[in-house]
Structure formats: C-alpha cells, structure tokens
Amino acid sequence: MTNKEALEFCLQYLNERNIDEADFKSLCLVCHIGGFKNSEFFINSDKQADINALISLLERLEKGEPLQYIIGKWDFYESEFLVGEGVLIPRPETEELVDIALKDAKVFSSPVIYDLCSGSGCIGISIAKKIKNSKVFCVEKSEKAFEYLKKNSENINNAVPIFADINDDIDLPMADIIVSNPPYIKSEDIKGLQKELFFEPEMALDGGSDGLVFYKIIKKRYLKKLKEGGIILLEIGNEQGNDIKKLFNNAKIIKDIYGNVRIARIIKE
C-alpha cells in the first residue's frame, strides 16, 4: 500500500467512526509512520506505507487518545516539543501568551523570567529561544511532565528546568516577568470535559473548587519575588476575568484571536 492509498484508508477508517478532523489526523499519522513532514506528503505519496503500524495508531486514536500523544511531539511557537502521557499538550491559543511576554521583555535588560507550572516547557523554552540574553526558570512538580521538560530544554542554555512545587520555597533570583498557564478548571467540571482530555493529566487541569488555587499561590508567593515594574502574565479560563480582577486589583484582561478571555496581565507598581 502506498502512502496515498494509506491516506485514503485512514480517511475512510476515521470517517466511518465519526472521528473529527479526519483529514488532518489522517495526514499526520501517515506522515508520522513514513518519517516525513506533512508538507512533504506529495513527494512521498508513491512510497510504501507500513499499514500494520498505521492500523495500530488508528486504533489508539479510536479509543480517544490524543493525536499529539500518538505522534509523541507537537508544534508550538516555531518549535517542536516532545509530549506524551503525563504532560499537558501545547495549544495554539497559548502562543498568544508567548507573544505578549516577548513584547514585554523588550523593556528589560537580560530579563529574569519564571515559567510556573511549566509542563512540557513550551512557554518558557519558546521565550528563552527568542530572547538569548534572558534566563528562564521553568518550574514543574510532576515527575512525568518534568522528564519532557528536561528533554525539551536540552541545548537551550538559558532555560533552566526546576523540579519543584510552586507552593514550596524555591530559591530563585528576583524576576522581571512571570508567566504561567496553571491548572484553572474547577474540580467539579473535570468530569464533563471532552473524551480526549481524560488522557491528559488531571494535575495539569484541576484548579481546585473555584479554579483559582494556583493564581492565589502565585499572588501569595511570587508577587514578592517580582521586581518593581515587573509583569505577571497568566493564561486564564474564559469565565475567570472578574475573579482574576478581584484577586489582582490592576489586572488587565486580554482576549485571544477568537474573542475569548484568555490572558491576565498584571504590572507590579
């Protein structure tokens, strides 16, 4: 079976099972098995595909396992990050948090940046790669996620992975910028999430009874670690704007490209 035929096979398989984004997922799986990029499919379309390996991946997808875990990596902000069981999958809307951090960092000389609840490190490492004279401390408490963080930060000399709970006392230099995409889903809402999210670690999703546990920790423990004029950038849930404003009096709430509340920006005065 050629790669072209394999793609058609995948499409039929996924469509018969009403799996969404069948076109995109089929292309990703065929290219992953073939060992080439999606953009290189056409020049490889007549080469032979490993159909047995492909069927194995399709069965995993049918069971609801995220495509990103099956492939083992995912693109985020011009880079590729290793992901898998135990680590939150990087999402495109979070790239806007990186955009804002990069703009804000321009006013600081050799900025010190924290990436709290770092997960795969996609936020902090993306910033570190763009701002060579920065020092980015990526803090993560999950052992599984930390393994991905370490691998993703290899050869990025200004990204420092730290295995720790953000609620602990961590010896860090004063920060110019703090970024975080912490768990912010209310505990009672976890069970109502879509099927694929059940494969992702609950630790990376559960923000406690009010969804605000980690924001409260950041305010209590990290506001004092931020220099005067320093900036906190937080990804938040689309219904949390008012709660965050109450927690941080001068928080500016920013909507994403889809018009959803997404980011809180706080300047330490």
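Just so it is clear, the structure is predicted and the values come from calculations on it, not from any experiment. (Residues numbered from 1 in each chain as written. Predicted model: local features only at pLDDT ≥ 70, side-chain atom pairs only at ≥ 80, totals over all residues. Heavy atoms only, no water.)

**Student:** Any chance you could break down the environment of Tyr 258 for me, citing the residues and the numbers?
**Tutor:** Take Tyr 258: it is sitting in the loop between strand S8 (252-255) and strand S9 (261-267). Residues Tyr 258 and Glu 93, spaced 165 residues apart in sequence, show a C-alpha to C-alpha distance of 8.8 Å. (Helix = DSSP H or I, 4+ residues; strand = E, 2+ residues; numbered from the N terminus.)

**Student:** Give a description of the packing of aromatic side chains that names residues and reports values.
**Tutor:** Think of a pair of aromatic rings as described by two things: how far the centres are apart, and how the planes are tilted against each other in angle. All told, the structure shown has 6 aromatic pairs when counted by the stated rule. Relative to Phe 81, the ring of Phe 76 has its centre 6.2 Å away and its plane inclined at 75°; by these criteria the two rings are edge-to-face. Between the aromatic rings of Tyr 114 and Tyr 222, the centroid separation amounts to 6.2 Å while the plane-to-plane angle is 80°, which identifies the pairing as edge-to-face. Taken as a pair, Tyr 114 in strand S3 (residues 112-116) and Tyr 222 in helix H8 (residues 213-222) lie far apart in primary sequence, 108 residues in all. For Tyr 114, a relative accessible area of 0% gives the class buried. Tyr 222 sits in the buried class, given a relative accessible area of 1%. The ring of Tyr 13 has Arg 17 sitting right over it, with the charged end atom 3.6 Å from the ring centre. (Phe/Tyr/Trp six-rings, centres within 6.5 Å; stacked < 30°, edge-to-face > 60°. Buried < 20%, exposed > 50% of the residue type's maximum accessible area, 1.4 Å probe, protein only. Lys NZ or Arg CZ within 6 Å of the ring centre and 35° of its normal.)

**Student:** Summarise the pattern of salt bridges; cite the residues concerned and give the values.
**Tutor:** Here the idea is simple: oppositely charged side chains can pair when their charged atoms come close. Scanning the model with the defined rule gives 15 salt bridges in all. In this structure, Asp 165 engages Lys 141 in a salt bridge whose closest nitrogen and oxygen atoms are separated by 3.9 Å. Residue Asp 165 is found in the loop between strand S5 (159-163) and strand S6 (175-180), and its partner Lys 141 is found in the loop between strand S4 (135-140) and helix H7 (143-152); the two are separated by 24 residues along the sequence. Through salt bridges with shared partners, one network takes in Glu 16, Arg 17 and Glu 62. (Salt bridge = Lys/Arg side-chain N within 4 Å of Asp/Glu carboxyl O.)

**Student:** Can you lay out H8 for me, pointing to particular residues and giving the numbers?
**Tutor:** Looking at H8, one finds that the buried residues are Phe 214, Tyr 215, Ile 217, Ile 218 and Tyr 222. The arc that holds the buried residues of H8, viewed along the axis, is 155°, so those residues lie on one side. Its buried side turned inward, H8 meets S3, S6, strand S7 (226-235) and helix H9 (241-247). (Arc of directions from axis to C-beta. Contact = heavy atoms within 4.5 Å.)

**Student:** Can you break down the sheet that holds S5 residue by residue, with the values?
**Tutor:** Spatially, 7 strands are ordered S5-S4-S3-S6-S7-S9-S8 in an open sheet, and the strand pairing comes out mixed. Strands at the two margins of the open sheet, each flanked by one partner only, are S5 and S8. When strand polarity is set aside, the average angle formed by the axes of neighbouring strands in this sheet is 20°. Of the strand pairs in this sheet, S6 and S7 are connected by 5 bridges, and their pairing is parallel. Each bridged residue has a counterpart across the sheet, and for Val 179 the counterpart in S7 is Leu 233. Lying on the sheet, helix H5 (residues 95-105) is in contact with S6, S7, S8 and S9; it crosses S7 at an angle near 165°. Docked against the sheet, H8 engages S3, S6 and S7, running at close to 170° with respect to S7. (Pairing = 2+ DSSP bridges. Axes fitted to C-alpha atoms, helices over the stretch in contact; angles between N-to-C directions.)

**Student:** For the pairing of S8, give the residues involved together with the corresponding values.
**Tutor:** Relative to S9, S8 is paired through 4 bridges, and the arrangement is antiparallel. Counterpart to Lys 255 in the pairing with S9 is Val 261. With antiparallel pairing between neighbouring strands as the criterion, S8 and S9 make up a hairpin whose turn holds 5 residues, including Gly 259 at a positive phi of roughly 85°.

**Student:** Lay out the pairing of S3 in plain terms, naming residues and giving numbers.
**Tutor:** Along S3, 5 of the 5 residues are buried, which leaves the element largely enclosed by surrounding structure. The alternating pattern of S3 places Val 112, Tyr 114 and Leu 116 on one face and Ile 113 and Asp 115 on the opposite face, and all of these are buried.

**Student:** Explain the nonpolar core to me, using residue names and the numbers behind them.
**Tutor:** Residues Tyr 114, Tyr 222 and Leu 234 are the most contacted members of the largest nonpolar core, which totals 33 residues. Of all elements in the fold, only S3, S4, S6, H8, S7, H9 and S9 reach the threshold of two or more residues within this core. With 5 residues, the single largest contributor to this core is H8. Not counting residues up to four positions away in its chain, the partners in contact with Tyr 114 are Phe 137, Leu 172, Pro 173, Met 174, Ala 175, Ile 177, Ile 178, Val 179, Tyr 222 and Lys 225. Counting 29 residues, the second-largest nonpolar core is a separate cluster that includes Tyr 77, Leu 102, Ala 159 and Ile 254. (Core = buried A, V, L, I, M, F, W, Y, C linked by side-chain atoms within 4.5 Å.)

**Student:** An account of the packing of helix H2 (residues 22-34) against helix H3 (residues 51-62) is needed here, citing residue identities and associated values.
**Tutor:** Taken N-terminus to C-terminus, the directions of H2 and H3 make an angle of 140°; their axes are 10 Å apart at the nearest point. In terms of their interaxial angle, H2 and H3 are classed as oblique. Relative to H3, the crossing made by H2 is right-handed. Across the interface between the two elements, Lys 25, Leu 29, Val 30, His 32 and Ile 33 from H2 touch Ala 53, Leu 54, Leu 57, Leu 58 and Leu 61 from H3. For the contact of H2 with H3, the per-class residue count stands at 8 nonpolar, 1 polar and 1 charged. (Parallel < 35°, antiparallel > 145°, perpendicular 65-115°, else oblique. Left-handed = near helix turned anticlockwise from the far one by under 90°. Nonpolar A, V, L, I, M, F, W, Y, C, P; charged D, E, K, R; others polar.)

**Student:** Give a description of H5 that names residues and reports values.
**Tutor:** For an α-helix, 3.6 residues make a turn, and residues three or four places apart therefore share a direction. Among the 11 residues in H5, 8 count as buried, and that is most of the element. Residues of H5 that are buried: Glu 96, Leu 97, Val 98, Ile 100, Ala 101, Leu 102, Asp 104 and Ala 105. In the core, the buried residues of H5 are packed alongside strand S1 (73-76), helix H6 (122-130), S6, S7, S8 and S9.

So far we have only geometry, and geometry alone does not tell us how the molecule works.
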